[in-house]
Amino acid sequence: MTETGNESVNPVIRISGLSKSYGAKQVLNNIDLAIYPGQVIGYIGPNGAGKSTTVKILCGLISDFEGEVLVNGVNIQQDPVAVKKMIGYVPELAELYEVLTPLEFLELMAGLYQLDPAISRPRMEKMLLAFGLGANMQQRMDTFSKGMRQKVLLIAGILHDPSIIILDEPLSGLDANSVIIVKELISRLAKEGKTIFYCSHMMDVVEKVSDRIVLINQGSILADGSFESLQEQMGAGSLERIFSQLTATDNLSDTASELIGAFRKEGGAHE
Amino acid sequence: MNKISALFFWLAMLPAKLYEQMGANRSQLALILRYKLIMDDRRPNTFQQTQVNRKKEGVSRATYGTMLIALFMGLLNLIAFAMGADDITYFTIYFSFFLFLLSATLISDFTSVLIDPRDTQILLPKPVNDRTFLLARILHIMVHLFRVIVPMLLPAIVYLAIEYNLAVVIRFLISAALASLMAIFFINALYLLIIRVTTPERFKSIIAWFQIGFMILIYGAYQVMPRATAMENLQQFTVSDYSYVRFLPPYWFAASVVHAWWWLLVSSIASLLSVWIVVRYLAPRFNQKLAMLGGSSESLVSQKKNTGSLASETGYVKRLAGILTAGTVERAGFLFTWKWALRNRGFRMRVYPAIGYILVWFVISIYRNVFQLGESGETGLKGSAAGLLGLIYLSCFIFISAIQQISQADEYKASWIFYSAPVSAPGPILLGMLKALLAQFFLPLAIVVSGLGFAWKGWVVVPNLLLGFSNILLISGLLLLINYKKLPASLPANKADGTGNFLRGLLMLVFNGAFGVAHYFVYGFPIVVLISVVLSGVAVWLVYQRIARISWPEVATN
């Protein structure tokens, strides 16, 4: 498998021999990965492939794993706090303290990253305004839609201007225009030299946004390279098709036939 | 933050220098604690959790609520000083109450306030060191404890200062502090036990069950205790007569107030030992397990479990639906309501306490009939019409509580299935819902009441039972027509306003009571009862026909 990007530079994230198991279940199996500055990594895989576990390890949420993870040369097991400072994390599922207002929530986040309020306060206001949440700054988030919460989380993830941004399904719940904004944001951030680790199921977005795609299944990396190089290896087609070739156990077209076949068996009972 | 939280915050942060020496980051610690306290204020407490009719925006003084309730419990605890013959008995009973109430209050609050699975997602990825997190959590727990303990002890402190002297108050405070430590031990042990025997995923719903059980227990205890023993007997009672009390913690705490100082030593050793066990063994494992609580997709869903029991359960429910419903739509409404009511945690939290209250009431009245009145020679429920009618008309209260809640759900948006399905009128769905609720929440009690009726009065009771149950079917049908033309699980849980609902509930009681009183007047005239049964039956038929014809515009959508 090939790696794109500037290999001459030191990697921002270097994962070597990473394994993790929950009891008898091996979730990650000897993963090696080097990620370079300015790369947008599309990290894809079916449910239960080990995506979230990788993300949790990178964010310092899981510390008991085998192997080594270095972020900007810092070992995450030895100094998790230093690594956390460099990383901005946007969790999936829109998890936030909904009884707080966006401003309160972001102030808490800024405080934990030890940002100077004189810098962070105008920054968060500008970002909220840019996302169209200007009128909702002082409202409790329990009334917010999923998309609004996702916007607040995105801001919380980049507020401290991290060099690495980990996005776990960042587009879920966002409306079409916000999706465009976020996609644009991702490529701008990458141009500024930030490294983006993008976890998602949405193949079409991953295909467009990422300049390197890492496909993981059953705890191992199956494919790693630019979309174009993957196409060359697997034969032309969309990322969706490549994904299913590598991960699906059954022929998906047969599955669809079986679904349709279910009507026939009952003798055309449907209207 | 309100003033009390601000005061606690200030107190908690006084030894900031010390925290820094322990390796915590002062500003981060203060920030986390401050926001945790702010969030406590905005979150409903134990008792508000079960009430769905709160306005979310309105819950901003939750800590005052918690403290008021703790104060109220503290006042109730003063009953201890009216029971028994000597000081050691008073204090032993007081500390039993105190330990129980404190553990119970804390365990139900711990889930929502102190154990927030979102912390793993939100706080842990932030550059904050472990010491800071740990200290923030400990301080938060301490503040929370004080918010409950201080008001709970206050009435006793005032009482002791008036009736005894300052020395007793001081000893009492020391004992109470030790007792609080022991309560923390109890809670931790119980939590760990729960987490050991079950998966973290089920942990939350078990805590929900515990909360329901706790409320029923409190209600039952305050119902039963004053009745159980006559007051004169209580006042001659002394714990010293029973040697085994020396092995119970409440006695140690009481003895450290009343008796020798060496009891204080026993209490201190016991409490500190329990704290040591918590810190050394329980807490670390607890935190490990807790970290898994927030896990999402990765926590492998156990698929195999339940399928067997669910299959058999749906089997008999389907047979029941076959008997009780006509048509596929009504059947669908029945089956959906049945399953949703059984499985939805929010619904159970709101309705099951009512079941508990009614059951407690049932048990008490039956107990009085069977055991007590027999001795005193009175006739009681057994002989009187009012007693049996009371039970009959009371038996639909659980149903009333259920129909009040069945339309409210957190996942109300999923009710699009009703609106998008090609159903010309929602009447059959509502009728199916009504029947499911009646079958689930009224039928079992009706069977019990019938059994009691037969046992007490023999077959002559049949016409009156028929009239009673027919009236209840009528009342429930009318209730639905008047008030609850709402599809099951179709409305947001916090939309309804509290006062309106309370008045409606009151109205239903009056409504129900009016039928009961009317029934009481005809009770002794079998012919009139039989004619009433026929009339009531016709009315039921008409009302249920009308329900089946409810049209879309009639259904409440907000």
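About the criteria used
Residues numbered from 1 in each chain as written. Chains lettered and ligands numbered in written order. Predicted model: local features only at pLDDT ≥ 70, side-chain atom pairs only at ≥ 80, totals over all residues. Heavy atoms only, no water. Helix = DSSP H or I, 4+ residues; strand = E, 2+ residues; numbered from the N terminus. Contact = heavy atoms within 4.5 Å. Buried area = accessible area lost by both parts, 1.4 Å probe. Salt bridge = Lys/Arg side-chain N within 4 Å of Asp/Glu carboxyl O. Polar contact = N/O pair within 3.5 Å; in protein donor to acceptor, adjacent residues only side chain to side chain. Nonpolar A, V, L, I, M, F, W, Y, C, P; charged D, E, K, R; others polar. Pairing = 2+ DSSP bridges. Disulfide = S-S within 2.5 Å. Buried < 20%, exposed > 50% of the residue type's maximum accessible area, 1.4 Å probe, protein only. Axes fitted to C-alpha atoms, helices over the stretch in contact; angles between N-to-C directions. Parallel < 35°, antiparallel > 145°, perpendicular 65-115°, else oblique. Left-handed = near helix turned anticlockwise from the far one by under 90°. Expected span 1.5 Å × (residues − 1). Patch = residues over 30% accessible without salt bridge, like charges linked within 9 Å, V, L, I, M, F, W, Y side chains within 5 Å. Areas by Shrake-Rupley, 256 points an atom, 1.4 Å probe, with all protein chains shown as cover. Phe/Tyr/Trp six-rings, centres within 6.5 Å; stacked < 30°, edge-to-face > 60°.

Within an unreviewed UniProt entry, the label attached to chain B reads ABC-2 type transport system permease protein, and the organism entered is Flavihumibacter fluminis.

Chain A appears in an unreviewed UniProt entry as ABC transporter ATP-binding protein from Flavihumibacter fluminis.

Undergrad: Break down the side chain of S274 of chain B for me, with residues and values.
TA: Along the chain, the position of S274 of chain B falls in helix 13 (residues 261–293). For S274 of chain B, the residues in contact, after removing those within four places along its chain, are L181, M182 and F185 of chain B.

Undergrad: Give a detailed account of the interface of chain A and chain B, specifying residues and quantitative values.
TA: In this complex, chain A contributes 35 residues to the contact, which on the side of chain B involves 33 residues. Around 3200 Å² of area is buried between chain A and chain B when both sides are counted, 60% of it from carbon and sulfur atoms. If you sort the residues of chain A by the area they bury against chain B, Y97, L112 and R140 of chain A come out on top, with a joint share of 24%. On inspection of chain A and its partner chain B, the count reaches 0 salt bridges. Between chain A and chain B we count 4 residue pairs in polar contact (both at pLDDT 80 or more) in total. Looking at the side of chain A that touches chain B, the elements that each hand over two or more residues are strand 2 (25–35), helix 1 (51–58), helix 2 (80–86) and helix 3 (102–112) of chain A. Of the residues assigned to the side of chain A that touches chain B, the class counts are 17 nonpolar, 7 polar and 11 charged.

Undergrad: Requested: an account of the sheet that holds strand 2 of chain A, with residues and values cited.
TA: All names here are of chain A. Taken in spatial order, the 4 strands line up as 2-1-4-5 in an open sheet, and their pairing is antiparallel. Here the strands that pair on one side only, and so sit at the sheet edges, are strand 2 and strand 5 (74–75). Relative to strand 4 (residues 66–71), strand 1 (residues 13–22) is paired through 5 bridges, and the arrangement is antiparallel. When the sheet's bridge partners are listed, R14 is paired in strand 4 with L70.

Undergrad: Run through the state of the cysteines, naming residues and quoting values.
TA: All names here are of chain A. On inspection of all chains with the given rule, the structure shows 0 disulfides over all chains. C59 takes part in no disulfide bond, and the closest cysteine sulfur to it belongs to C199, at a distance of 9.3 Å. The exposure class assigned to C59 is buried, which follows from its relative accessible area of 2%.

Undergrad: Quick rundown of the pattern of salt bridges? Include the residues and the values.
TA: For the structure shown, the criterion picks out 12 salt bridges over all chains. As a salt-bridge pair, D224 of chain A and R212 of chain A come within 2.9 Å of each other at their nearest N and O atoms. Linking D224 of chain A in strand 10 (residues 220–225) with R212 of chain A in strand 9 (residues 212–217), this pair joins segments that are 12 residues apart in sequence. When sorted by exposure, D224 of chain A lands in the same class as R212 of chain A, which is buried. One salt bridge in this structure joins K435 of chain B and E330 of chain B, with 2.5 Å as the shortest N-O distance. Note that K435 of chain B is positioned in helix 21 (residues 427–441) and E330 of chain B in helix 15 (residues 328–343), a separation of 105 residues in sequence. Since its relative accessible area comes to 6%, E330 of chain B is described here as buried. Each of E107, R121 and E125 of chain A takes part in one network of salt bridges that share partners.

Undergrad: I'd love a proper account of the packing of helix 15 of chain B against helix 21 of chain B, names of residues and values included.
TA: All names here are of chain B. Between helix 15 and helix 21, whose axes approach to 7 Å, the crossing angle comes to 45 degrees. One finds that helix 15 runs oblique with respect to helix 21. Where helix 15 crosses over helix 21, the handedness of that crossing is right-handed. Where helix 15 approaches helix 21, its residues V329, E330, G333, F334, T337, W338, A341 and L342 are matched on the opposing element by P428, I429, L431, G432, M433, K435, A436, L437, A439, Q440 and F441.

Undergrad: Please set out helix 21 of chain B residue by residue, giving values where relevant.
TA: Under the 1.5 Å per step criterion, the end-to-end length of helix 21 of chain B is 21 Å for 15 residues, consistent within 8% with the ideal 21 Å. Burial runs high along helix 21 of chain B: 14 of the 15 residues are buried.

Undergrad: Please give an account of the pairing of strand 2 of chain A that cites residues and values.
TA: Residue and element names in this part refer to chain A. As paired elements, strand 1 and strand 2 share 7 bridges and run antiparallel to each other. Bridging from a neighbouring strand, L18 pairs with I31 of strand 2. Taking the residues that link successive antiparallel strands as the turn, the strand 1-strand 2 hairpin has 2 residues, and the phi of G23 there is positive, at about 60 degrees.

Undergrad: Can you explain a nonpolar patch on the surface? Please cite residues and give values.
TA: Together, L134, I138, M142, F146 and V150 of chain B make up a nonpolar patch on the protein surface, roughly 440 Å² of accessible area in all. Residue placement: I138 of chain B occurs in helix 8 (residues 130–163).

Undergrad: Let's hear about the packing of aromatic side chains: which residues, and what values?
TA: All names here are of chain B. As enumerated under the stated definition, the model contains 24 aromatic pairs over all chains in all. When the centroid spacing of 5.8 Å and the interplanar angle of 85 degrees are considered together, the rings of Y94 and F95 count as edge-to-face. For F95, a relative accessible area of 0% gives the class buried. Ring centres 5.5 Å apart and planes at 40 degrees place the aromatic pair Y419 and W552 in the tilted group. Note that Y419 is positioned in helix 20 (residues 416–420) and W552 in the segment after helix 25 (526–548), a separation of 133 residues in sequence. Here a set of aromatic residues connected by ring pairs shows up, and it is made of F81, Y90, F91, Y94, F95, F98, Y159, Y164, F172 and F253.

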